[in-house]
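# Inside the fold
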Amino acid sequence: MKFLKKLTVFCLLSLVWYGAAAQVDIEYQKPPQEILELIDAPAVPSASFDAKNENIVLLHRNQFKSIAELSEPELRLAGLRINPVTNIGSRTRYFSNISLMKVGKPDEIKVSNVPTTERLANFTWSPDQSKMAFTNTVAEGVELWVLDINEATCKKLTDAKLNANIGAAFEWFEDNSRLLVKMLPADKKPLIDKSTAVPTGPKVSVSDGKKAQNRTYQDLLIDKADEYNFKQLVLSTLYTVDLAGNTSLWKETAMYTGMSFSPDGEYIMISTLGEPFSYLVTYNRFPSKTTIYDKSGQSVKVIRDVPLEEVRPKGFMSTTKEIRSLRWRSDKPSTIFYAKALDGGDPAVEVDFRDELFTLDAPFTGEPKSILKTQQRFNRITWGNDAVAIATDEWWNTRNQKTYLFNPSDVTAEPVVIFDRNVNDRYNDPGSFVTTKNELGTYTLEMNNNKLYLTGRGYSPEGMRPFFDAYDLKTGETERLWRASGETTLENIYRVIDAQKGELLTRVETNTQYPNYYIRNIKKRIAPKPITFFKNPYQSIANIHKEIINYKREDGLDLSGTLYLPADYDMDKKEKLPMIMWAYPREYKDKSAAGQVTTSPHTFTYPSYGSIIFWVTRGYVVLDGAAFPIVGEGEKEPNDSFREQLVANAKAAIDAVDNLGYIDRERVAVGGHSYGAFMTANLLSHCDLFAAGIARSGAYNRTLTPFGFQSEERSYWEAPEVYYTMSPFMHADKMKTPLLLIHGIADNNSGTYPMQSERYFNALKGLGAPVRLVMLPKESHGYSARESILHMLWEQDQWLEQYVKNKK
């Protein structure tokens, strides 16, 4: 085949070009002042409300890490990234300070004795919500601390002995006075330093003839030294720790991953890892065992004991043949439930029902009880009571989701499918069922007079209009109780406080008003009561023009995007400015869903580190979130016409803004991150619509991800034409438009190895294309160090100024 011959030539050329790049020594740079002012704006704290809506815990943080923090020791093992000195995830995002607020009062309450390390994480409410436990990372490890809400003070409970390398490091007992804590073993062995270790033999991998078509996972174990280090880092001993700091041994050392107390606190479900380990999959498919203990630590029953799973059937809907989704029923004191595949986990097997759900009551000695069979792959369940529960299933290939109303106590009662919908159809999304805290302290369905309640985002052709509905269990009809006007604000429902009284906790924002929380009563004609008072930290862009524009693709498909114009733009003169368009392709199985509007003009304009909005301050028109649907209806898959649809989407967007009179269409740039970077490289290779491109953390050669990527289920050997056609690397000879490639050297995202950008750069350079490759030290798929982010913004600004604004 012609394209296979071309592929062979490119593979040979890649060997010649590798290492041919000219290197530029450069220190970290800073972007222009307009951008720097926005990126250094103080971060607004995160707010955590107690269930009674009386107290708010404000968690303050620094916007970014430092490159020094990212340069601390890091081991990448079995899908984990661990700091082996402190024994916590090396990429953990920390908070720096704590304060409190009373609901409805603007003054912050200072908390005393807060650790000064500015490395606080893992905040967890106590069952009665009078306290929050959290971790504090110091130079030598991780400490356990507790925040007393009423006293507004913090207290240290343990020295730096916690093991926060895998799963939750602690859980509260039901009595609110003790925690179950994972601590480092007293006899923890030293790790192997692989930089000095002498090999004792080669690394050998073997296939026994079974298909193991796994995604291209990163950070896998690669040798015996990795196996040893991984085991030492995940081994923990379980202790109880009381609020006076007293510790008591609870369970011997093992590789603990998960811990979960029953709603009544009488039992705890604990998961551990076993051996052998794997070099093909991450730790969540290693051998594992789940055991139920009573609260004193006595073993009650082994519920789940599964072997290593390197091999699973092909397809997004494949799953384990073992029991899965093992959880506690939230409406029962101590009852577990789980799902088991009836098709062996293989979506290719034709069956009437895909999954079956079971429950088992304490003391877990009887036979599990079947409560429901689902037509598709079980997704989740919301418990109500003995007679009412809601479950959903889904099937990726058809994008279908079904919602079942069923009686968990009567298997003979036929489940009712109350919603049967396309998950991509946002306009007809019925929302999510409302839950409320019950007497066990867990959350179950809010029910009043045979009614359930739903809240949703309310996507519609006129924008987002969140809603609050009542669902009648007898008639199956839905009544709209409230819908946001959506005319001047975006008001999302954060929590239903009291369904019968009509009290909602909402989050209100405009494009210039920072999101704040309000209490709204839908039955009273009074204005919502503000309960937080955060200010807009981005005043320099408060006066920019923002609107949602709607337009059509040449095949009639509806598209949209968020358009920004500089604050001083003269709408009468309409100077034609350069434009930067930022997008991310998404796959659909029908055109009606692909053309829906899924944003609001009233969303607060938040310039996150990766945003392109910064350039509206530099004299550019910005089209952000431009719709790039890739549609494949019926037997056709979206990627069968990926390139053609990409170009059609891009042309429609440029035409739409050009028709408004705002831009010089000869000075338009395109950019994206991850799959958006892949999109960018394809657009520059197959059309002449753009003056330049920016591609961050992308993949450009799909033959390096041969068992599927993004939403593509087919392997390279099943659809070689698709893989070849979609790979910008295979068409590097066509790419002559200036392209800025940026990639984190430590990218751990499946499929976007740093090598993807390095090899693509070498191909483009070898073929004479104008290209610049920036590899950011220590950064992963997303970037977190302030130095890296400022430099990235500087690189993008320099590129746009040279090749777009001042294009020759």
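Just so we're clear, the structure is a prediction, and the values are computed from it rather than from any experiment.

## Topic: the sheet that holds strand E10 (residues 141-148)
- Pairing in this open sheet of 4 strands is antiparallel, and the strands run E8-E9-E10-E11 from one edge to the other. Both outer strands of the open sheet, strand E8 (120-125) and strand E11 (153-156), are each paired with one neighbouring strand and no more. Across the sheet, the mean angle separating the axes of adjacent strands is 25° when strand polarity is ignored.
- The pairing of E10 with E11 spans 4 bridges and is antiparallel. Bridging from a neighbouring strand, valine 146 pairs with lysine 155 of E11.

## A few points about the packing of aromatic side chains
- For the coordinates displayed, the defined rule picks out 38 aromatic pairs.
- Taken together, a centroid distance of 4.8 Å and an interplanar angle of 55° make the contact between phenylalanine 173 and phenylalanine 261 tilted. Residue phenylalanine 173 is found in the loop between strand E12 (170-172) and strand E13 (178-183), and its partner phenylalanine 261 is found in strand E16 (residues 256-261); the two are separated by 88 residues along the sequence. Accessibility assignment for this pair places phenylalanine 173 and phenylalanine 261 in one class, buried.
- Three or more aromatic residues joined by ring pairs form one cluster here, namely Tyr584, Phe642, Tyr675, Phe678, Phe707, Phe709, Tyr716, Trp717 and Tyr723.
- One Lys or Arg, arginine 178, reaches over the ring of phenylalanine 173 and ends 3.9 Å from the middle of that ring.
- Over the ring of tyrosine 459 we find arginine 426; its NZ or CZ atom is 5.2 Å from the centre of that ring.

## Brief notes about the pattern of salt bridges
- Inspection of every chain in the model, using the stated rule, returns 43 salt bridges.
- For the salt bridge of arginine 119 with glutamate 72, the shortest nitrogen-to-oxygen distance reads 3.3 Å. Taken together, the positions of arginine 119 in the loop between strand E7 (109-110) and E8 and glutamate 72 in the loop between helix H3 (67-70) and strand E3 (75-77) put the pair 47 residues apart, joining distant regions of the chain.
- Using a relative accessible area of 16% as the deciding quantity, one classes arginine 119 as buried.
- In this structure, aspartate 655 and lysine 651 form a salt bridge, with 2.8 Å as the shortest nitrogen-oxygen distance. Here aspartate 655 and its partner lysine 651 are both found in helix H6 (residues 642-659), 4 residues apart, which amounts to about one turn of the helix.
- According to the relative accessible area criterion, lysine 651 is partly exposed, its value standing at 39%.
- Here the salt bridges do not stand alone but share partners, grouping Glu34, Arg618, Asp797, Glu801 and Lys805 into one network.

## Re helix H9 (residues 754-766)
- Between its first and last C-alpha atoms H9 spans 19 Å; for 13 residues at 1.5 Å apiece the expected length is 18 Å, and the two agree.
- Buried within H9 are the following residues: Pro754, Gln756, Ser757, Tyr760, Phe761, Asn762, Ala763 and Leu764.

## Concerning the pairing of strand E9 (residues 131-138)
- With 8 of 8 residues buried, E9 lies mostly within the body of the structure.
- The alternating pattern of E9 places Lys131, Ala133, Thr135 and Thr137 and Met132, Phe134, Asn136 and Val138 on opposite faces, both of which are buried.
- Bridge analysis of E8 against E9 gives 4 bridges, and the strand direction is antiparallel. Note that in E9 the partner of threonine 124 across the bridge is alanine 133.
- Between E8 and E9, which pair antiparallel and follow one another directly, the connecting turn spans 5 residues, one of which, glutamine 129, has a positive phi of 60°.
- Here E9 runs beside E10; their pairing, made up of 8 bridges, is antiparallel. Directly across from methionine 132, in E10, lies its bridge partner leucine 147.

## Observations regarding unusual backbone geometry
- The omega torsion of the bond from glutamate 275 to proline 276 falls at 10°, within 30 degrees of zero and hence cis.
- Cis peptide bonds are those with omega within 30 degrees of zero, and the linkage from alanine 362 to proline 363 qualifies with 10°.
- With respect to the helices and strands, the residue proline 363 is situated in the loop between strand E22 (355-361) and strand E23 (369-374).
- Positive phi outside glycine occurs at asparagine 449, with the angle close to 50°.
- Residue placement: asparagine 449 occurs in the loop between strand E30 (443-445) and strand E31 (451-456).

Parameters and conventions
- Residues numbered from 1 in each chain as written.
- Predicted model: local features only at pLDDT ≥ 70, side-chain atom pairs only at ≥ 80, totals over all residues.
- Heavy atoms only, no water.
- Pairing = 2+ DSSP bridges.
- Helix = DSSP H or I, 4+ residues; strand = E, 2+ residues; numbered from the N terminus.
- Axes fitted to C-alpha atoms, helices over the stretch in contact; angles between N-to-C directions.
- Phe/Tyr/Trp six-rings, centres within 6.5 Å; stacked < 30°, edge-to-face > 60°.
- Buried < 20%, exposed > 50% of the residue type's maximum accessible area, 1.4 Å probe, protein only.
- Lys NZ or Arg CZ within 6 Å of the ring centre and 35° of its normal.
- Salt bridge = Lys/Arg side-chain N within 4 Å of Asp/Glu carboxyl O.
- Expected span 1.5 Å × (residues − 1).

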